[in-house]
Amino acid sequence: MQCVLVTGGAGYIGSHTCKLLAQRGMQPVVLDNLVRGHRQAVRWGPFHQGDIADAALVQGLVREYEIRSLIHFAAFAYVGESMEQPQKYFENNVVRGLSLLHAAMDAGVRQVVFSSTCAVYGIPEEVPIAETQPTSPVNPYGETKLWIERALHWLGSCRDLRWMALRYFNAAGADPEGEIGEDHRPETHLIPRVMQAALGQIPHLEIFGTDYPTPDGTAIRDYIHVNDLAEAHVRALEHLQDGGESMPVNLGTGEGSSVRELIATLEKIAGRPVPVLTAPRRAGDPPVLVANPARARRILGWTPQWSSLEQILQTAWQWHAARAVAGSSGRRHGEDS
């Protein structure tokens, strides 16, 4: 059985990708420090707790499992936090990321699928955004991801490495079978916070910015279901293993939804209101981010299957609502919450 090293495999997108790798007959070997991941999300292969900058650990895993392929998710990924603590993001995402790449390659890894972001584009010149547009991040998070992309480019040019940088737009949704979902702590992502507001777990949802140059004044994003992201990672890996060309690839639907549209759709699905409070724009947030996914279709044969706004919100609502019921049941029975 082919083993794949998955850094950050205890996280949101990483755990969904591990499940799909196992379904496709591969064994994900997870390396995660659990700073923001969850041990219970690792269910489809061996787990090793540790730091991606621990070169001896990385090389030991690559050799023990005879690994030739790496999917690299491990990173800090909060835009707001990156604006407040840029040094934290460069240390973790860039310095530790480069250490991981060097150690893994020295031990024999020859293919890397990298979890990148549409934040590398900054304020886009044109929408929808194609991979040929200039990269000019407007926050440290996007800048750190671009640094790793540039490193992969030169490592591929100068050494025997094939790579793909998958530039996600807005990851969302949950496993339709209900096994895993989106659980960040602290939670800053929009869709989980919409769920929390609808469930009464937070007093209200803050809408950051109602004066954007968009039809309803709120920011527009291209939401992509986490299952579709997982599928793209597996296809990217297979592309590289078959000798395919290295490149960045956008992962999005090509359609955008505003914050207010998202809230209205969830209210219909959940049958309850979402209390909101408007707030000023956040630094580093572009008004509109929508992908041109043509390259992913052409190169990977990838078309989103789960990414209508209704499907995304339905799977997310099922997962969050089930956890809320389980949590309240546990408290009634005297369990720790």
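Residues numbered from 1 in each chain as written. Predicted model: local features only at pLDDT ≥ 70, side-chain atom pairs only at ≥ 80, totals over all residues. Heavy atoms only, no water.

**What about unusual backbone geometry?**
So, point 1. Residue P128 is bonded to the preceding V127 through a cis peptide linkage, with omega at 5°.
So, point 2. Within the fold, P128 resides in the loop between β5 (111-117) and α5 (140-158).
So, point 3. Even without being glycine, L34 reaches a positive phi, approximately 60°.
So, point 4. Topologically, L34 is positioned in the loop between β2 (27-32) and β3 (47-49).
So, point 5. Of note, E66 is a non-glycine position whose phi angle comes to about 55°, a positive value.
So, point 6. Classification of E66 by relative accessible area gives exposed; the value is 65%. (Helix = DSSP H or I, 4+ residues; strand = E, 2+ residues; numbered from the N terminus. Buried < 20%, exposed > 50% of the residue type's maximum accessible area, 1.4 Å probe, protein only.)

**Looking at the sheet that holds strand β9 (residues 220-221)**
So, point 1. The 3 strands lie next to each other as β12-β9-β14, forming an open sheet whose pairing is mixed. Lying at the two open borders of the sheet, with one neighbouring strand each, are β12 (257-258) and β14 (288-289).
So, point 2. Bridge count between β9 and β14: 2 bridges; the pairing is parallel. Bridge pairing in β14 links R221 to L289. (Pairing = 2+ DSSP bridges.)

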